[in-house]
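Here is what each chain is made of, one letter per residue.
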Amino acid sequence: MPTEELKQDAARYLMQTYTRQPLSIVRGRGTKVYDLEGREYLDFVGGIAVNILGHGHPELVQAIQRQAAQLIHTSNLYYTEPQVKLAQMLVDHSFADKVFFCNSGAEANEAAIKLARHYSHDKYGAGRFEIVTMKNSFHGRTMATLTATGQEKVQKGYEPLLPGFSYVAFNNLEELKRAVTDKTAAIMLEPIQGEGGVYVADREYLKQVRDLCVKKDVLLIFDEIQTGMGRTGTLFAYEQLGVQPDIMTLAKGLGGGVPIGACLATDSVAKAFTPGSHASTFGGNPLACAASLAVCRVLLEGQVLDHARRMGEYLAKGLSDCKGRHRVVREVRGLGLLQGIELDMDGKAVVSECLARGILINATGEHVLRFVPPLIITQLDIDRLLDTLAQIFSKQAA
Ligand SMILES: *Cc1c(COP(=O)(O)O)cnc(C)c1O
């Protein structure tokens, strides 16, 4: 179907929740996607930090095909091997002892919020249920997770919000200390704020937050939905930031494009969930788990993490050179292959210019460009992005 016709039908049949680029993608291969006319686009969005192995990775495709032919879904009334194996894989490579599977980031954070509340309730009784989150954070779009999200634009019109959330400035320890009371059950944050504009947590701050949590017996929840699965150059961002959480959530890259989310926790915290206290019909289904297992294997057994770390450094270096040469670039922020640049101009205009030149990038907020390519991105791909940005920014200065 021609793009124009598809656009019209989308307007007629879909709820209008998205602003989309004028592009209909039909196929993908590696770091490239293709439109109807066969036009090629270099993909620096990667399905918003999801397609970590790029498009059509043979091991992922094969795992999905095999599992689809064998068994797609059974519910959690029965045991399935892919779910248990994936849990083991995640436990073996993280601080966590136990995993709960669901289908998205928001659901993973719902599970984390429910787990923290239940843990606190079991230990301290009713009334100690508050969760402190960060201003400018993003945790999802369900009622609990949009309440956890410290951005009014996400919450507006959905009041009343869930009780028991408060918000403090990111990287501000004094504000956080003041917000933690005897009613606080948990502190929840992203090690790097992704949707909020790519802001990295200070190591020293995180260490102090961890100490505060220990002192007050408050749980520390890391939302690694965007930063996890190799995005920052290590499997999880907390490994580089020197602090372990009590609960961690994953989604986005976890299935390499197949929807799956996970909430991980230490044994002592995970005990708060007992049969019947939380559930999901689809969560951890064999198809999604087999896909995710394939992704984890490629990530851990191949050289992908090393490659991602090197490419992250290369991209960061290229972007800071770009900042040195172009006045419109105000700041470069990020870790690994989660990089952002703050601009003196409208980010959306740059997204459109890149699209016209065959490169997909993403703007988050009005002035920040975010780069979250597949982890298999190459130096050549990055050079092309940097050249294209340089062309666009030079025109701007004139
Ligand atoms: C994308 C994202 C979410 C929400 O994930 P969905 O799968 O869209 O529900 C939550 N937290 C962070 C940090 C994210 O980047």
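1. Describing the nonpolar core
Okay, so step 1: In terms of nonpolar packing, the biggest core is built from 81 residues, with Leu176, Ile187, Val350, Ile361, Leu369, Phe371 and Phe393 touching the most fellow members.
Okay, so step 2: Per-element accounting of this core gives the leading share, eight residues, to helix α12 (residues 286–301).
Okay, so step 3: If near-sequence neighbours (up to four positions away) are discounted, phenylalanine 371 is found in contact with Phe44, Leu315, Leu319, Leu337, Leu338, Gln339, Ile341, Ile361, Leu385 and Leu389.
Okay, so step 4: In this structure, Ile131, Ala265, Val269 and Ala270 belong to the second largest nonpolar core, which totals 24 residues.

2. Focus: the site of the ligand
Okay, so step 1: Among the 13 residues in the neighbourhood of the ligand, the closest are listed as Gly105, Ala106, Asp223, Gln226 and Lys252.
Okay, so step 2: Contact distances for the ligand include 2.7 Å between an oxygen atom and a side-chain N or O atom of glutamine 226.
Okay, so step 3: Take lysine 252: an N or O atom from its side chain is 2.6 Å from an oxygen atom of the ligand.
Okay, so step 4: Contact with the protein chains hides 81% of the accessible area of the ligand, taken as 380 Å² for the molecule alone.
Okay, so step 5: Among the elements that line the shell around the ligand, the one with the most residues is helix α5 (residues 105–124), at three residues.
Okay, so step 6: Classifying every residue of the shell around the ligand by side-chain character gives three nonpolar, six polar and four charged.

3. A closer look at the packing of helix α3 (residues 58–70) against α12
Okay, so step 1: Contact geometry for α3 and α12: axes closest at 9 Å, N-to-C directions at 155°. With respect to α12, the axis of α3 lies roughly antiparallel. Crossing of α3 over α12 shows right-handed handedness. Two secondary-structure elements touch here, α3 through Glu59, Leu60, Ala63, Ile64, Gln67 and Ala68 and α12 through Pro286, Leu287, Ala290, Ala291, Ala294, Val295 and Val298.
Okay, so step 2: Partitioned by chemical class, the residues of the contact of α3 with α12 number 11 nonpolar, one polar and one charged.

4. Considerations on the sheet that holds strand β16 (residues 362–364)
Okay, so step 1: Spatial strand order, β13-β14-β17-β16: four strands in an open sheet with antiparallel pairing. Both outer strands of the open sheet, β13 (329–335) and β16, are each paired with one neighbouring strand and no more. Neighbouring strand axes in the sheet, compared pairwise and without regard to direction, differ in orientation by 30° on average.
Okay, so step 2: Relative to strand β17 (residues 368–371), β16 runs antiparallel, the two being bridged by three bridges. Bridging from a neighbouring strand, alanine 363 pairs with leucine 369 of β17.
Okay, so step 3: Here helix α13 (residues 304–325) sits on the sheet in contact with β13, β14 (338–343) and β17, set at roughly 170° to β13.
Okay, so step 4: Strand contacts of helix α14 (residues 347–356): β14, β16 and β17, with the helix running at about 175° to β16, the strand carrying the most contacts.

5. Examining the packing of aromatic side chains
Okay, so step 1: Inspection of every chain in the model, using the stated rule, returns four aromatic pairs.
Okay, so step 2: Ring centres of phenylalanine 170 and tyrosine 205 lie 6.4 Å apart, and the angle between their planes is 70°; on these two criteria the pair is classed as edge-to-face. You can see phenylalanine 170 sitting in the loop between β6 (165–168) and α8 (173–179) and its partner tyrosine 205 sitting in helix α9 (residues 203–216), a full 35 residues away along the chain. By the burial criterion, phenylalanine 170 is buried, and tyrosine 205 matches it.
Okay, so step 3: Seen from their ring centres, phenylalanine 236 and tyrosine 238 are 5.9 Å apart, and the 5° between their planes marks the pair as stacked. Each member of the pair, phenylalanine 236 as well as tyrosine 238, carries the same accessibility label: buried.
Okay, so step 4: Three or more aromatic residues joined by ring pairs form one cluster here, namely Phe95, Phe236 and Tyr238.
Okay, so step 5: Lying over the aromatic face of tyrosine 199, arginine 333 brings its terminal NZ or CZ to 3.9 Å of the ring centre.

6. Considerations on the pairing of β13
Okay, so step 1: Relative to β14, β13 runs antiparallel, the two being bridged by six bridges. Each bridged residue has a counterpart across the sheet, and for glutamate 331 the counterpart in β14 is glutamate 342.
Okay, so step 2: In this structure, the hairpin formed by β13 and β14 is closed by a connection of two residues, where glycine 336 is found at a positive phi of approximately 60°.

Basis of the calculations
- Residues numbered from 1 in each chain as written.
- Predicted model: local features only at pLDDT ≥ 70, side-chain atom pairs only at ≥ 80, totals over all residues.
- Heavy atoms only, no water.
- Core = buried A, V, L, I, M, F, W, Y, C linked by side-chain atoms within 4.5 Å.
- Buried < 20%, exposed > 50% of the residue type's maximum accessible area, 1.4 Å probe, protein only.
- Helix = DSSP H or I, 4+ residues; strand = E, 2+ residues; numbered from the N terminus.
- Contact = heavy atoms within 4.5 Å.
- Near = heavy atom within 4 Å.
- Polar contact = N/O pair within 3.5 Å; in protein donor to acceptor, adjacent residues only side chain to side chain.
- Areas by Shrake-Rupley, 256 points an atom, 1.4 Å probe, with all protein chains shown as cover.
- Nonpolar A, V, L, I, M, F, W, Y, C, P; charged D, E, K, R; others polar.
- Axes fitted to C-alpha atoms, helices over the stretch in contact; angles between N-to-C directions.
- Parallel < 35°, antiparallel > 145°, perpendicular 65-115°, else oblique.
- Left-handed = near helix turned anticlockwise from the far one by under 90°.
- Pairing = 2+ DSSP bridges.
- Phe/Tyr/Trp six-rings, centres within 6.5 Å; stacked < 30°, edge-to-face > 60°.
- Lys NZ or Arg CZ within 6 Å of the ring centre and 35° of its normal.

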